[in-house]
Amino acid sequence: MDAIDVIVTKRDGRELSREQIDWVIDAYTRGVVADEQMSSLAMAILLNGMNRREIAEWTQAMIRSGARMDWSALPGRTTDKHSTGGVGDKITLPLAPLVAACGGYVPQLSGRGLGHTGGTLDKLESIPGWRALLSNDEMLDVLRKAGAVICAAGDGLAPADKKLYALRDVTGTVEAIPLIASSIMSKKIAEGTGALVLDVKVGSGAFMKTVDRARELATTMVELGTDAGVNTVALLTAMDRPLGRAVGNALEVTESVEVLAGGGPEDVVELTVRLAREMLQAAGVSGKDPEEALKDGSAMDAWRRMITAQGGDPDALLPKAAETMEITAPSSGVLTGLDAYGVGLAAWRLGAGRERKEDPVSFGAGIMLHAKPGDMVRQGQPLMTLHADETSRFERALAALEGSYTIGASGDGGLLPLVIDRITA
Ligand code: URA
């Protein structure tokens, strides 16, 4: 077997055999296939695609490049959620303890933010003492104590994906749906969950800008999960406007705790409850209803146990940014648009996100939205508050927000429904 043969097969639009896929993933992980050869193959895949068999075998080969986690020692069924990421998407924070309170076990491996979408680990790290890096034994211990754990994926999980993702990032090949789907699903399947719910975001603030692309990605991932024996369902959900009212690490933790306390913004509550029901159903767990667990305090109890078991103090004051700036409505009317990408970019420029992997984030930075699309606003009324550690950050954030909100006579500018579609095998 040699790399040129594999590249030429896909360049000419032919199917890769199982032997070719297994060999090229293994050889690339070991450094036998060079980066320039793999980037050429990734481009050929982007241009010519892969069929269901090829994607499944590519995913399995990436899983085999590392370890596979095993939760059979737990007394119940595991279920997890993956979101393709969005602005103000803090759903994992209330969702994992909520599902735990309803009888599911949630082993959630999450990532850090890069670009305009936030990362779950960055949000949780704003809680003093909380630790993202856990060994497998520590994960099991937190799952036993709290029913849910949210932590970083160790280096041993799908190392082929780690290497390939970094290469795609610098070779214009991130967008290939077979490569995105196999990248996400190799990590989720290796994580060892029994059931999986995918939240595939659609809109300006998401990776997938159109419903058609999102549906294609969701269908491919549902097929991959199903073929690997993981009961997998996907929801397509709106990311044309930010989710909830808080965008930024500590601000989003505060909003998540409000949801766990039985309050919080309507859209965050609706999506959290819907995803919790999907996760429980996919795992075949028929415990307490999620709405009930938010009302009776059991979801909050699970959150407190989970945060404490990972070294965090659930009662600690969260970091606050030193400076704030209010943006007011320039005229009276209805807020007809609030673009997710513009708000995400502004929050990132305020310090909530990072430019390079190794950069720190500001825990207190971000944006609080005081109005959402469809709300009536009066001239001079606060529309949003910007939070940053230095006033010098406001100017570039304001530039990102230019044209991101519109005030008109009526309507919400034709927003996508919060849940657009449900995809099953
Ligand atoms: N997230 C991943 O883990 N992989 C991709 O390819 C894209 C998003």
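The rules behind these values
- Residue positions are counted from 1 within each chain, in the order its sequence is given.
- The predicted origin of the model limits local features to residues at a pLDDT of at least 70 and limits the giving and counting of side-chain atom pairs to 80 or more, whereas totals for whole chains, interfaces and linings rest on all residues.
- Just so you know, side-chain values use all the structure's heavy atoms and leave hydrogens and water out.
- By this definition, two strands are paired if DSSP reports at least two bridges between them.
- Only DSSP runs of H or I reaching four residues or more are called helices, and only runs of E reaching two or more are called strands; each is numbered from the N terminus.
- Residue contacts follow a heavy-atom distance rule, with two residues in contact if any of their heavy atoms lie within 4.5 Å.
- Helix axes are fitted to C-alpha atoms over the stretch in contact, other axes to C-alpha atoms as well, and angles between N-to-C directions run from 0 to 180 degrees.
- Orientation labels follow simple angle bins: below 35 degrees gives roughly parallel, above 145 gives roughly antiparallel, 65 to 115 gives roughly perpendicular, and whatever is left gives oblique.
- Left-handed describes a crossing whose near helix is turned anticlockwise from the far helix through less than a right angle; right-handed describes the clockwise counterpart.
- Basically, the charged four are Asp, Glu, Lys and Arg, the nonpolar ten are Ala, Val, Leu, Ile, Met, Phe, Trp, Tyr, Cys and Pro, and anything else, Gly included, counts as polar.
- The set of buried Ala, Val, Leu, Ile, Met, Phe, Trp, Tyr and Cys residues whose side-chain atoms join them within 4.5 Å is what this entry labels a nonpolar core.
- Relative accessibility decides the category of a residue: with a 1.4 Å probe and only protein chains considered, values under 20% of the type maximum give buried, values over 50% give exposed, and everything between is partly exposed.
- All domain edges in this entry derive from an automatic or database-based domain assignment.
- Nearness here has a simple test: a residue counts as near a molecule or strand if at least one of its heavy atoms is within 4 Å of that partner.
- Nitrogen and oxygen atoms within 3.5 Å of one another constitute a polar contact, given that in protein one can donate a hydrogen and the other can accept it, and given that sequence-neighbouring residues count only through two side-chain atoms.
- Values of accessible area rely on a 1.4 Å probe in the Shrake-Rupley scheme; residue burial ignores everything except the protein chains shown.
- UniProt positions are given in the numbering used here, feature names are shortened, and annotations may be inferred rather than shown by experiment.

**Student:** In this structure, what is going on with the sheet that holds strand 9 (residues 366–369)? I would like to understand it.
**Tutor:** In sheet architecture, strand pairing relies on hydrogen bonds along the backbone and comes in two forms, parallel and antiparallel. In space, the four strands of this open sheet follow the order 6-9-11-7, with antiparallel pairing throughout. Edge positions in the sheet fall to strand 6 (246–247) and strand 7 (323–328), since each of these pairs with one other strand and no more. Note: strand 7 against strand 11 (residues 382–388), six bridges, orientation antiparallel. Bridging from a neighbouring strand, Thr324 pairs with His387 of strand 11. Helix 15 (residues 340–352) contacts strand 6, strand 9 and strand 11 of the sheet and is inclined by roughly 135° relative to strand 9.

**Student:** Got a minute to help me understand the packing of helix 5 (residues 92–101) against helix 12 (residues 266–283) in this structure?
**Tutor:** For any two helices packed against each other, one specifies the crossing angle of their axes together with the interaxial distance. Across the interface, helix 5 lies against helix 12 with an axial gap of 9 Å and an inter-helix angle of 45°. Judged by the inter-axis angle, helix 5 sits oblique to helix 12. As for the relative orientation of helix 5 and helix 12, their crossing is right-handed in sense. Two secondary-structure elements touch here, helix 5 through Pro94, Leu95, Leu98 and Val99 and helix 12 through Thr272, Leu275, Ala276, Met279 and Leu280. Tallied by class, the residues present in the contact of helix 5 with helix 12 amount to eight nonpolar, one polar and no charged.

**Student:** I would appreciate a short explanation of the nonpolar core in the present structure.
**Tutor:** Nonpolar side chains in soluble globular proteins tend to be buried together. Core analysis: the biggest nonpolar cluster contains 73 residues, and Leu124, Trp303, Val343, Leu350, Ile367, Met384 and Leu386 have the highest contact counts within it. Each of domain 2 (80–315) and domain 3 (323–408) gives at least three residues to this core. Once residues within four sequence positions are removed from consideration, Met384 is found in contact with Met325, Glu326, Ile327, Leu338, Ile367, Met368, Leu369, His370, Leu401 and Tyr405. In this structure, Leu134, Ile189, Leu224 and Leu236 belong to the second largest nonpolar core, which totals 61 residues.

**Student:** Where do I start with the environment of Gly192 in this structure?
**Tutor:** Mapped onto the secondary structure, Gly192 falls in the loop between helix 9 (177–190) and strand 4 (195–202). Residue class for Gly192 comes out partly exposed when judged on its relative accessible area of 22%. In this structure, the C-alpha to C-alpha distance between Gly192 and Gly225, residues 33 residues apart in sequence, is 11 Å. For Gly192, the contacting residues outside a window of four places in its chain are Met69, Trp71 and Thr78.

**Student:** Explain the domain arrangement of the chain to me, please; I cannot follow it from the model alone.
**Tutor:** By convention, interface size is frequently given as the accessible area that disappears when the constituent parts associate. Segmentation of the chain into domains returns domain 1 (3–49), domain 2 (80–315) and domain 3 (323–408). Computed over C-alpha atoms, the centres of domain 1 and domain 3 are 43 Å apart.

**Student:** Where do I start with the site of the ligand in this structure?
**Tutor:** Taken together, Tyr165, Arg168, Ile180, Ser183, Ile184, Lys187 and Phe207 make up the full set of residues adjacent to the ligand. Within the side chain of Arg168, an N or O atom sits 2.9 Å from an oxygen atom of the ligand. One of the side-chain nitrogen or oxygen atoms of Lys187 is found 2.5 Å away from an oxygen atom of the ligand. About the coverage of the ligand: the protein hides 84% of its 240 Å² of free accessible area. Counting residues per element, the ones that place at least two in the shell around the ligand are helix 8 (159–169) and helix 9. At four residues, the largest contribution of residues to the shell around the ligand is made by helix 9.

**Student:** Help me understand the UniProt feature "domain: Pyrimidine nucleoside phosphorylase C-terminal" (unreviewed entry) in the chain in this model?
**Tutor:** The residues that UniProt annotates with the feature "domain: Pyrimidine nucleoside phosphorylase C-terminal" (unreviewed entry) are residues 334–408. In residues 334–408, the share of helix is 28% and the share of strand is 29%. The end C-alpha atoms are 5 Å apart.

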